[in-house]
Amino acid sequence: MRVLDPVCGIEMDDDLAVKAEYEGKVYYFCCDGCRKIFLKNPKKYRK
Ligand SMILES: [Zn+2]
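Residues numbered from 1 in each chain as written. Predicted model: local features only at pLDDT ≥ 70, side-chain atom pairs only at ≥ 80, totals over all residues. Heavy atoms only, no water.

- The name an unreviewed UniProt entry gives the protein is TRASH domain-containing protein, with Candidatus Nitrosocaldus cavascurensis as the organism.

Comments concerning the coordination of the zinc ion
Working step 1: For the zinc ion, the protein coordination sphere consists of D5 (OD), C8 (SG), C30 (SG) and C34 (SG), at 2.0 to 2.3 Å.
Working step 2: Coordination at the zinc ion comes from 4 donor atoms whose angles at the metal span 100 to 120 degrees, giving a geometry best classed as tetrahedral.
Working step 3: Each donor residue of the zinc ion lies on the same chain, and together they follow the pattern D-x2-C-x21-C-x3-C. Taken together, the residues C8 in the loop between β1 (2–4) and β2 (11–13) and C34 in helix α1 (residues 32–40) connect sequence positions 26 residues apart. (Donors = N, O, S within 2.8 Å, 3.2 Å for Na, K, Ca; no water. Tetrahedral: all angles 85-135°; square planar, octahedral: opposite > 155°, others 65-115°. Helix = DSSP H or I, 4+ residues; strand = E, 2+ residues; numbered from the N terminus.)

Some thoughts on the pattern of salt bridges
Working step 1: Throughout the structure, instances matching the rule amount to 4 salt bridges.
Working step 2: Note that D13 and R2 form a salt bridge whose closest N and O atoms lie 3.3 Å from each other. Placement of the pair is D13 in strand β2 and R2 in strand β1, with a sequence separation of 11 residues.
Working step 3: The shortest N-O distance in the salt bridge between R35 and D32 comes to 3.9 Å. A residue pair is termed a helical-turn pair when its members lie 3 or 4 positions apart in one helix, as R35 and D32 do in helix α1 at 3 residues. (Salt bridge = Lys/Arg side-chain N within 4 Å of Asp/Glu carboxyl O.)

Quick word on the nonpolar core
Working step 1: Formed by A20, Y22, Y27, F29, C34, F38 and Y45, the largest nonpolar core amounts to 7 residues.
Working step 2: Contributions of two or more residues to this core are made by β3 (18–22), β4 (25–29) and α1.
Working step 3: Residues contacting Y22, with those up to four places away along its chain left out, are Y27, F38, P42, K43 and R46. (Core = buried A, V, L, I, M, F, W, Y, C linked by side-chain atoms within 4.5 Å. Buried < 20%, exposed > 50% of the residue type's maximum accessible area, 1.4 Å probe, protein only. Contact = heavy atoms within 4.5 Å.)

Dropping the structure here:
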């Protein structure tokens, strides 16, 4: 499955992505750095 990193906009395969859950939804990130940025301010990036 192709997924989109909401922080930097990079598309990748979900098996390579770093995952985080927020409000019951799973988000995917290219790296732990993007995940941390998301978790600091998830409202900015949630869909
Ligand atoms: Zn990223």
